[in-house]
Every structure is written in C-alpha cells, then in structure tokens.
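# Commentary on secondary and tertiary structure
For reference, the chains in residue letters:
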Amino acid sequence: MILTLLLIVFLGSYSGKKVQNSQDFSVTGRKAGSILVAGTIMGTLVGGASTVGTAQLAFMYGFSAWWFTLGGGIACFFLGIFLARPLRQRTEETVTGILQTEYGRAAGVFAVIFVSLGIFFNIVPQIMSSSALLVTVLPLSVRFAPMVAVILMGIYVLAGGVWATGLIGTAKIILTVLSLMYCGGFALYHMGGPAGIATAFPRFPWFSLFGRGVNQDLAAAFSLFVGVLSSQIYFQAVLAAEDVAKAKRGALLSAVIGPLIGVAGIMVGLFMRINHPDIIPAQALPLFVLGYLNPWLAGVVLATLLLAAVGTGAGLTLGVSTMLCRDIFQPICPNVKERGILLAFRLFIALILFVGLCVNYLAGGSEIILEWSYLSLGLRGATIFFPLLGVLYLGGKVSPQAGTLAVVAGPASVIAAGIFTPWELNPLYIGLVVSITFIIGGLVHKTYRKTNQPYSEQG
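Right, let's get into the packing of aromatic side chains. Going through the model one piece at a time under the given rule, you end up with 16 aromatic pairs. Measuring from ring centre to ring centre gives 6.4 Å for Tyr182 and Phe186, while their planes differ by 35°; the resulting arrangement is tilted. A residue pair is termed a helical-turn pair when its members lie 3 or 4 positions apart in one helix, as Tyr182 and Phe186 do in helix H9 (residues 162-190) at four residues. The class for Tyr182 is partly exposed, based on a relative accessible area of 43%. Here Phe186 falls in the buried class, since its relative accessible area comes to 19%. Between Phe186 and Tyr292, the aromatic rings sit 6.2 Å apart at their centres with planes inclined by 55°, giving tilted as the arrangement. Here the residue Phe186 occupies a position in helix H9, and Tyr292 occupies one in helix H14 (residues 284-292), the gap between them amounting to 106 residues. Taking relative accessible area as the criterion, Tyr292 reaches 30% and is therefore assigned partly exposed. Taken together through their ring pairs, the aromatic side chains of Phe78, Phe82, Phe225, Phe385 and Phe386 make up a single cluster.

Moving on to the confidence of the model for the protein chain. Summing up the model confidence of the protein chain, the mean pLDDT is 85 and the portion of residues at 70 or higher is 89%. When pLDDT is averaged over each helix and strand of the protein chain, the minimum, 46, is found for helix H20 (residues 455-458) and the maximum, 95, for helix H13 (residues 244-275). Predicted confidence is poor over residues 455-459, with pLDDT under 50, and the contacts of this stretch with residues over four places away or in other chains come to three contacts.

As a further point, take the packing of helix H5 (residues 67-88) against helix H12 (residues 232-239). As a packed pair, H5 and H12 sit with axes 10 Å apart at the nearest point and diverge in direction by 70°. When the axis of H5 is compared with that of H12, the two are roughly perpendicular. The two elements H5 and H12 meet at a crossing, and its hand is right-handed. From H5, Leu79, Leu83, Ala84, Leu87 and Arg88 reach across to H12, where they touch Tyr234, Phe235, Val238 and Leu239.

Take the pattern of salt bridges next. In this structure the tally under the stated criterion is four salt bridges. Here Asp217 and Arg212 are joined by a salt bridge, their closest N and O atoms 2.9 Å apart. Residue classification places Asp217 among the buried positions, given a relative accessible area of 0%.

Let us now look at the nonpolar core. Soluble, globular proteins show a tendency: their nonpolar side chains are buried together. Within the largest apolar cluster, 118 residues are counted, with the highest numbers of intra-cluster contacts made by Ile41, Leu79 and Phe288. Excluding its chain neighbours within four sequence positions, the residues that come into contact with Phe288 are Cys183, Phe186, Ala187, Val268, Phe271, Met272 and Leu293.

Turning to a nonpolar patch on the surface, a few remarks are in order. Where nonpolar side chains cluster on the molecular surface, the patch consists of Ile2, Leu3, Leu6 and Trp296 and spans about 550 Å² of accessible area. With respect to the secondary-structure elements, Leu6 resides in helix H1 (residues 2-16).

On to the side chain of Ser116. Positionally, Ser116 belongs in helix H7 (residues 105-137). By relative accessible area, Ser116 is classed as buried at 11%. Beyond its immediate chain neighbours, meaning those up to four positions away, Ser116 contacts Ala111, Val320, Met323 and Leu324.

Each value, and the rule that gives it
Residues numbered from 1 in each chain as written. Predicted model: local features only at pLDDT ≥ 70, side-chain atom pairs only at ≥ 80, totals over all residues. Heavy atoms only, no water. Phe/Tyr/Trp six-rings, centres within 6.5 Å; stacked < 30°, edge-to-face > 60°. Helix = DSSP H or I, 4+ residues; strand = E, 2+ residues; numbered from the N terminus. Buried < 20%, exposed > 50% of the residue type's maximum accessible area, 1.4 Å probe, protein only. pLDDT = per-residue confidence, 0-100. Contact = heavy atoms within 4.5 Å. Axes fitted to C-alpha atoms, helices over the stretch in contact; angles between N-to-C directions. Parallel < 35°, antiparallel > 145°, perpendicular 65-115°, else oblique. Left-handed = near helix turned anticlockwise from the far one by under 90°. Salt bridge = Lys/Arg side-chain N within 4 Å of Asp/Glu carboxyl O. Core = buried A, V, L, I, M, F, W, Y, C linked by side-chain atoms within 4.5 Å. Patch = residues over 30% accessible without salt bridge, like charges linked within 9 Å, V, L, I, M, F, W, Y side chains within 5 Å. Areas by Shrake-Rupley, 256 points an atom, 1.4 Å probe, with all protein chains shown as cover.

As structure tokens, this is what we get:
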C-alpha cells in the first residue's frame, strides 16, 4: 500500500512541473491526448460506488449492480458522440461559463452556486469512504483518518490540477482495471465459470438488470447519466484534449472501461455471496481482497480502492474550484496576473477540502450523506442538463430570460421537492421537468415573437 501511494505522490509532484499558467492547471493548455482525457474522466468517475458499491449490490441482488458503471459508461458514450464537438467549439473553460455567455451574468452566477453546492455534497461522501477504508487497513483513529484522506486528495490535485487528475487518474485506472479484472477472473474461475454461477443462483433476480425493480434500477441509471453530464470535471476533460478526435476517443475509452470494472465487481460480489453469505454486504470486496489475494497484490488493490474514493473527491474538488475561479473570482478581479489566478485555484481547492473536512466531522452519520448524494445529483442535473443542451443545439433560439429561469427554477424545485414532497420520488425528475419546461417555453416564445414581427422590422 505504501509503495502504491508513494507512486501517486510522485505523479502528483511531477504533474506540478507541467503547470506554467492557469490554462495548464485547468485544461492542460489543451494539450491532452486521449489517454489523459480518459484518465481524467475515469479517475473521477470510478469511485467507491463503482468498486466497493458494485460488489456490495451484487452480493445483495446480482447483475442489477451493473447500473452503477453501465450508466456512467452510457453517459461517457453520449459525451463523446454528441457533446465533444460542440463543446470543443466553445472558448469557455467551464460549463457555467457557457451558460453565462448564452443566458447572461445572472444565469452564470446562479449556475455556479447550485452546481458547486451539488458537487460539494458529493465530495463529503468521498472523504467519509476514504476514511472508512483507512481505518480498516491502517492503525488510524476515526478522528484522524479524515485528515489523512483530505491530505491525499490535496496531493492528488493541488500541484498539477488537470495534469495531476489525468496522470494520477490514468495510473489509478490501470491499477483498478488490472487488479479488479484479476479479482473478477479469480472469482469467476472458482465459482465454476458461467455454468457454476447459473447453478448457484436462480434466474431472477440474480441475472436480471432490473432485479430491484424496473423503476428503481432505471432511476439509478438515469440519475448517474444526468449526473455525469452535469459535472464540470467531465466537460473539463473534453476541453483539455488536443483536438476533437482525441476528446472523443478519450470519452469512448471511458465508456468501455467503466462497465468492464463493473462486471469484475459483480463477480466478486457473487463469489462472496456463495462462500460467505453472512458477511456485511459492504465488506464483500475488501474481505475478498484480504482473504484470497497474495498480501503484496492485496496491498496494491487496497491502495487502489482508496485511490478510487480519493480521486473522485479530488476531481470533483477541481471542478468546483475551476468554476469559482473562472466564473466568480476573475470577473470580480479582472486585472489579476497569471500567478495570482494559479494561487486562487489552489486556495479554492484547499478551502473546499477544509470545509469538506469540517462537514465530515459535523455530519457524523452516513445516513445523512446518502440523502445528500440524491440532492447532489438533483442540483447538478436540474441546473445544467437541459440549459446546456439548449445552448449547444439551440444556440440563440432560447431567450436569456427563459434560460436564466431554467437555471434557477430547476434546482430550486429540487430543493423544494426534497423538503415538501410526501411521496418517494427522486427530486431530480421534478427539477428536470421544471427546467425543460422553461427551455421549451423560451424557445416557443422567442420563435413566436420573431415570426409575428411587422414586415418592416423583419426586414
């Protein structure tokens, strides 16, 4: 574990040497190849849910656990095929900056506020999951482990920004793919292959993608799809690419890697269900690693699992800091030089991680964090998803007033639904309906006004 973590520290320090200005820090100066793009995306996307969470859910329900990574893979495919080119045609570095250019300053500011808040709600769980793993495998106290987790996140991203996220993310994904594929292959072999699995489990729910129910599993996939396509760091990876082709290849490579990691996690979960049915489901993957792997390999895998949570937290933190710096700090202080902008980037990262650490200590229970995760997806998706599609595919056809209302009313309705809705309904759905209603209304209203102008005005 120590050797693996030292490799990450080295890559973080090395990446800092590539940063000469704020463009290098936020989008690598737009010089990233497809591997670095994929490393940035997967380094953030593959976290605790994709590894430990997939094995846990497979232990409980079987193949419906695949939606954790399959939904992310579909989102990466959509990002590469449909969004990479129009995003690359923009000059802005942030998705909130794109909204601001199209809909006005108010839309940009509200988007930064809601999206940053939403992403922050997903940073805190990464601190908690990293802390839990540290306490499990190292002699650290519950109070001290979150500090170590935050320090690791700082090392991951503070020196090199996107360079660090990409380089370390690439190393992390290589380690994750190799280690989890080995674990999955080991588990599949010792279960007797597909025939052995078919003998051990009934067809339903274990071999169905909807083992928990169509509504619940589709909701999980859709939430992840919208969440990925509403997060700054994934767009930032596309913008960091050297050209459109490399951006597409990086996104499509991510679309393949994620689901493969999911299949490996499912195999481990099923193996542990057969051989250790009485364990706590969340411990399926860590206990498999500790019980069945060579100690040296187990150390690498445990460090990789830790990096999965650390990397996700670090990547999300970088996304928030980029929006705060580019869309809030620089417009307020337009005369700041490059060194000052770089310093602002790093101070924002340190501040976000410090606040996350404080919230981690104040929150106490994971039950609260689980509810925050739903709120996180809802805030990001309702703020960004449809307003961004309106910019990229309906550029100039949606009125700024309607775009601003969509950016504000979407996430506001998510918060209201989470507080006041008496039935169990994902607030994301309500927020998306409100958001697209304003976008369509703005499109119809602007089209109507244009077609009903007097002839002289049209001329």
